[in-house]
Amino acid sequence: DFFNDPNVQSLFRFAEGGLRTWFPEHWAQFQEGIESVQSRHPELKIPVPGTSFPASTVNIGDRVVCDSHRDASNEAAGICLDYVDGPFDADEGGHLVFHEAHRIVKLRKGGVILFPSAIVTHENLDIGPTESRFSITGY
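Residues numbered from 1 in each chain as written. Predicted model: local features only at pLDDT ≥ 70, side-chain atom pairs only at ≥ 80, totals over all residues. Heavy atoms only, no water.

Side note on helix 1 (residues 6-22)
Working step 1: The terminal C-alpha atoms of helix 1, which comprises 17 residues, lie 24 Å apart, in line with the 24 Å expected from a rise of 1.5 Å per residue.
Working step 2: Looking only at helix 1, the buried set comprises Val8, Gln9, Leu11, Phe12, Ala15, Glu16, Gly18 and Leu19.
Working step 3: Elements that come into contact with the buried residues of helix 1 comprise helix 2 (24-40), strand 1 (56-59), strand 2 (80-85), strand 5 (112-115) and strand 7 (134-138).
Working step 4: For helix 1, the capping residue at the N-terminal end is Asp5, with a side-chain oxygen 2.7 Å from the backbone nitrogen of Asn7. (Helix = DSSP H or I, 4+ residues; strand = E, 2+ residues; numbered from the N terminus. Expected span 1.5 Å × (residues − 1). Buried < 20%, exposed > 50% of the residue type's maximum accessible area, 1.4 Å probe, protein only. Contact = heavy atoms within 4.5 Å. Polar contact = N/O pair within 3.5 Å; in protein donor to acceptor, adjacent residues only side chain to side chain.)

Printed below as a string of structure tokens:
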């Protein structure tokens, strides 16, 4: 039911547009891969039909913050969608850190970013003790 929500579908379609615009070769490879798998296994469905993210994770809780990691089980050349939301002060915390690039990205409530999560070490900075933050990823 979560992925049938019009707001969630709109988020994935927005990210799809970014993927198609900024990473057209990846987008084409994702489409070919999804079509190939679904032709052999039609029972497998992606979370939001018509998008290039065959899997998704919804990270919910009071304080969703991730430690430094790479998503090693994702395709190395793949592009990941990361969406953050919740009542937290983006000026104070919740930033996305890209270690190899030595960059910190401030994602505000409703922020969306596309990046290769399997090959880039990343984490989120902590948020305030009374704040909450959640995320949705597509990969």
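Notes on the sheet that holds strand 4 (residues 103-105)
Pairing between the strands of a sheet is mediated by backbone hydrogen bonds and can be parallel or antiparallel.
Working step 1: Spatially, the 3 strands line up as an open sheet ordered 4-3-6, and their pairing is antiparallel. The sheet is open, and its two edges are formed by strand 4 and strand 6 (122-124), each paired on a single side. The mean inter-strand angle of the sheet, taken between neighbouring strand axes irrespective of direction, is 20 degrees.
Working step 2: Where strand 3 (residues 96-98) meets strand 4, 3 bridges bridge the pair, whose relative direction is antiparallel. Residue pairing in the sheet places Phe98 in a bridge with Arg103 of strand 4. (Pairing = 2+ DSSP bridges. Axes fitted to C-alpha atoms, helices over the stretch in contact; angles between N-to-C directions.)

Note that every value here comes from positions in space, so none of it alone points to a role or purpose.
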